[in-house]
Number of protein chains: 2
Amino acid sequence: MRLALTLAIFALASPAVAQEAGKPVTPTSIVAAASAEEWIEIPQDDLLIMELAPTADGSERTVIIQLMPPPFSQPWVENIKTLARARWWDGKSIYRSVDNWVVQWGGGDPDLGFPEPDVPEGVVAPVVDYTTPAELLDEPVLISEFERDNTLHQSDELLDENGRLWRSYFDVVRVDNFAQMTLHYRGWPIASTLSNDPTDPTAVSWPIHCYGSIGVARDLAPDTGTGSELYAVIGHAPRQLDRNIAVVGRVIAGMAHLSTLPRGTGDYGVYESRDEDTPIASVRLASEHPEGAQYRYEYLDTASESFAKYVHSRANRQDDFYAVPAGGVDICNVQVPVRLIE
Amino acid sequence: MRLALTLAIFALASPAVAQEAGKPVTPTSIVAAASAEEWIEIPQDDLLIMELAPTADGSERTVIIQLMPPPFSQPWVENIKTLARARWWDGKSIYRSVDNWVVQWGGGDPDLGFPEPDVPEGVVAPVVDYTTPAELLDEPVLISEFERDNTLHQSDELLDENGRLWRSYFDVVRVDNFAQMTLHYRGWPIASTLSNDPTDPTAVSWPIHCYGSIGVARDLAPDTGTGSELYAVIGHAPRQLDRNIAVVGRVIAGMAHLSTLPRGTGDYGVYESRDEDTPIASVRLASEHPEGAQYRYEYLDTASESFAKYVHSRANRQDDFYAVPAGGVDICNVQVPVRLIE
């Protein structure tokens, strides 16, 4: 990627979002007012439908996971699709739950080590870096300057050699303890060593652990996770895991079926007896699910103007409840809006 | 407070923490090696013991809350102590649970408004700011310079006019989207407008919302919360609530009894029927609890050398599992160590 930097004042004197008389602009009102063109359907091949065993009173428990698109974590994502097609998780279980940390599922026999002996042929632990060269980000990224005085101030617009617009957050989301910069890309929270020089050829990017993120459990050695053992984050973002584990997706529906599971009392939060496990009935890709068509989701384009306003609103809450807008926001407090397509 | 700034190189070439041969220094090993003098007992009057109704199988559910010490949020903390002594919460319930947000308890009749009509005399919603003048911080605060190259580099030592040492974090924890600076003070995560000039007389500080924090629910008007309705954070730190709500404590034991409760399906996550509520059997201060003596806890002094090393280790994980230390850490990823006194 080669970029030519141009600067443009991006005035936001009057919000484009329709504002009801007397009603403050809120994250919810901005999302509700986004145009149909600003929503992007998630491919059916990127949706994993995990059916847990029903509860004691017979209630169904369906968890929907969105898998991460290129260029991030693709070797693991491909393994996960292979495992789902092979019905590998059917009859396996959730065997670990640690408060403010993760719940974890899969084969779950720690004596077997990684990878498990019964995974389908071809499912091997990739020996790769957990980061991606920044130049592989080949779609627009939103860059907006926000100031602590609660105004969306201007944006730098970055045009690459093909005239494509690059934009990315600055003052709101870029402040971060774990990376030089954070941004959203193709609907996902991403960290990067990109900073003031977006043309730096050595820059790398990586997906971020937030609440609800799905990662690939592994042994101590970094090249031991295939994707057969997965975890979901159920607490404050464990960002220290970034670049140490592959983040491969996020829960977009049914999160409470995971986050409310009893915590395990054995070592590392593993349940002490297999009777405490939650059985997994099935894991399917929506693309091969008999009722897959009912699982169509879309997300708000993170390069759209509505998303920029949504971020700004999250950083500067004007809802009736808020007396003191923060003037900033953490990347994990900016959940990307995802909704069912009715 | 008036401070004279002195600079001192604080070399950490050899860790003071005893390190077993071949074992990496970890947050856990640092806490285990802290000396007895570095632990501070929590006053019995600052411990709230909340007994929920037993589970269906008869298991007890005890939640221990540490109340916030001066100078923060004291009008609400005093109300809470009055309410506990008056047995106000006995027979009330947990009536709201929202995934990645809060669980909430108290009287819970939204038609009654705030404050509830049956609170004890003298329990009124304070009309005060949610911040505290920085000069009220009259105890040492730890300041340590950390660099992204994984070394504890130096500290600025700040001496006030009485010769007291002020120290506070810089490079590790100060990076923050929600404040100019974050630090730990008397065992609590605090944000502040203090930045490069710690003698700024206009500076204010305020307590931070992290996972497990307890806050005072209120109506839309900022002066409507007494402390009778409380919530616990069960997700990623909702820092946008800082300075908009009084943070009055944190859960130090039994957190899973709150975080695993079913999520409410009514408006704002309130349970649709009172049958879904979790009854509160009793709420007592440890100082008046018949078995209070079994609830003695201590926390690691956040102005101690071991705590400085603990923060540094959290920001630069060297455990066998971590291949890439982050080089930084969020204030809410630095949980203050608290333990039962046996």
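This text follows the structure it describes.
For every chain, the first residue of the written sequence is number 1, and numbering continues from 1 onward in sequence order. Key to labels: chains lettered from A, ligands numbered from 1, both in the order written. pLDDT decides what is reported in this predicted model: residues at 70 or higher carry local features, side-chain atom pairs at 80 or more are listed and counted, and totals for whole chains, interfaces and linings draw on all residues regardless. The side-chain numbers reported here are obtained from all heavy atoms of the structure, hydrogens and water having been left aside.

Draft legend 1. A look at the relation of the copies chain B and chain A. Laying chain B over chain A is done by rotating through 180 degrees and shifting 0.0 Å along the axis; what remains is an RMSD of 0.0 Å. Given the turn and translation reported, the copies of this chain are related as if by a two-fold rotation axis. In this comparison the copies share one frame, found by least squares on the C-alpha atoms of residues holding pLDDT of at least 70 in both.

Draft legend 2. Examining the packing of aromatic side chains more closely. Aromatic pairing here means that ring centres of Phe, Tyr or Trp (its six-membered ring) are within 6.5 Å. Orientation follows from the plane angle: under 30 degrees is stacked, over 60 is edge-to-face, and everything else is tilted. Within the structure shown, the criterion is met by 10 aromatic pairs over all chains. Where phenylalanine 307 of chain A meets tyrosine 310 of chain A, the ring centres are 5.6 Å apart and the plane angle is 35 degrees; that geometry is what we call tilted. One end of the pair, phenylalanine 307 of chain A, and the other, tyrosine 310 of chain A, are both in helix α4 (residues 305-315), three residues apart, so they sit about a helical turn from each other. Remark: exposure states derive from per-residue accessible area (1.4 Å probe, protein chains only) relative to the maximum for the residue type, with buried under 20%, exposed over 50%, and partly exposed in between. Since its relative accessible area comes to 0%, phenylalanine 307 of chain A is described here as buried. The buried category is assigned to tyrosine 310 of chain A, whose relative accessible area is 4%. Here, over-ring charges are defined by two tests on the NZ atom of lysine or the CZ atom of arginine: distance to the ring centre within 6 Å, and angle to the ring normal within 35 degrees. Over the ring of tryptophan 88 of chain B we find lysine 92 of chain B; its NZ or CZ atom is 4.0 Å from the centre of that ring. Lying across the ring of phenylalanine 321 of chain A, arginine 218 of chain B places its NZ or CZ 3.8 Å from the centre. Helix and strand assignments follow DSSP, with helices taken as H or I runs no shorter than four residues and strands as E runs no shorter than two, numbered in order from the N terminus.

Draft legend 3. View of the interface of chain B and chain A. Between chain B and chain A, the contact holds 45 residues from the first and 45 residues from the second. A quick way to say it: buried area is the sum, across both parts, of accessible area lost when two parts are put together, with a 1.4 Å probe. When chain B packs against chain A, close to 3,900 Å² is buried across both sides, 51% of that on carbon and sulfur atoms. The largest share of the area that chain B buries against chain A comes from Asn177, His236 and Phe321 of chain B, three residues that together contribute 21% of it. Any pair of N or O atoms that falls within 3.5 Å is considered a polar contact. Within protein, one atom must be able to donate a hydrogen and the other to accept it, and sequence-neighbouring residues count only if both atoms are side-chain atoms. There are 19 residue pairs in polar contact (both at pLDDT 80 or more) connecting chain B and chain A. Among the residues forming the side of chain B that touches chain A, the class breakdown is 23 nonpolar, 12 polar and 10 charged. Residue contacts are counted whenever heavy atoms from the two residues lie within 4.5 Å of one another. Think of it as three bins: nonpolar holds Ala, Val, Leu, Ile, Met, Phe, Trp, Tyr, Cys and Pro, charged holds Asp, Glu, Lys and Arg, and polar takes everything else, Gly as well.

Draft legend 4. Region of the structure containing the side chain of threonine 260 of chain A. Along the chain, threonine 260 of chain A turns up in the loop between α3 (256-259) and β17 (278-285). Within the structure, the side chain of threonine 260 of chain A is placed 2.7 Å from the backbone oxygen of alanine 256 of chain A, a separation counted as a polar contact. The residues touching threonine 260 of chain A, leaving out its near neighbours within four places in the chain, are Ser259, Thr260, Leu261, Pro262 and Arg263 of chain B.

Draft legend 5. Local environment of the sheet that holds strand β7 (residues 132-133) of chain B. Residues and elements named next belong to chain B. Strands are labelled as partners when DSSP assigns at least two bridges between them. Strand order in the open sheet formed by four strands is β7-β13-β12-β11, and the pairing between neighbours is antiparallel. Across the chains shown, the open sheet's two edge strands, defined by having one partner strand only, are β7 and β11 (181-185). Where β11 and strand β12 (residues 188-192) come together, five bridges link them in antiparallel fashion. Considered in β12, the bridge of leucine 183 is made with isoleucine 190.

Draft legend 6. Region of the structure containing the side chain of serine 97 of chain B. With respect to the element layout, serine 97 of chain B can be found in strand β5 (residues 93-97). Beyond its immediate sequence surroundings of up to four residues, serine 97 of chain B is in contact with Val102, Val103, Ile234, Leu261, Pro262, Arg263, Gly264, Gly269 and Tyr271 of chain B.

Draft legend 7. View of the pattern of salt bridges. Salt bridges are counted wherever a side-chain nitrogen of Lys or Arg sits within 4 Å of a carboxyl oxygen of Asp or Glu. Evaluated as defined, the whole model comprises 24 salt bridges over all chains. Taking the shortest distance from any N to any O, the salt bridge between glutamate 41 of chain A and arginine 296 of chain A comes out at 2.8 Å. Here glutamate 41 of chain A is found in strand β2 (residues 39-41), whereas its partner arginine 296 of chain A is found in the loop between β17 and β18 (297-300), with 255 residues between them in sequence. Glutamate 41 of chain A gets classed as partly exposed once you look at its relative accessible area, which sits at 35%. Across the pair lysine 92 of chain B and aspartate 118 of chain B runs a salt bridge, and its minimum N-O distance is 3.5 Å. A residue pair is termed long-range when its members are at least 10 positions apart, and lysine 92 of chain B in the loop between α2 (74-85) and β5 and aspartate 118 of chain B in the loop between β6 (102-106) and β7 qualify at 26 residues. Accessibility expressed as a relative area gives 44% for aspartate 118 of chain B, which makes it partly exposed.

Draft legend 8. Representation of the sheet that holds strand β18 (residues 297-300) of chain B in the model. Residue and element names in this part refer to chain B. Reading across from one edge, β2-β18-β19 is the order of the three strands in this open sheet, with antiparallel pairing throughout. Each end of this open sheet is capped by a strand with a single partner; those strands are β2 (39-41) and β19 (338-340). Strand after strand, the sheet turns through a mean of 30 degrees between neighbouring axes, direction not considered. With three bridges joining them, β2 and β18 adopt antiparallel strand pairing. Note on β18: the bridge partner recorded for isoleucine 40 is tyrosine 299. For helices, the axis comes from a line fit to the C-alpha atoms of the stretch in contact; other axes are also lines fit to C-alpha atoms, and the angle between any two N-to-C directions lies between 0 and 180 degrees.

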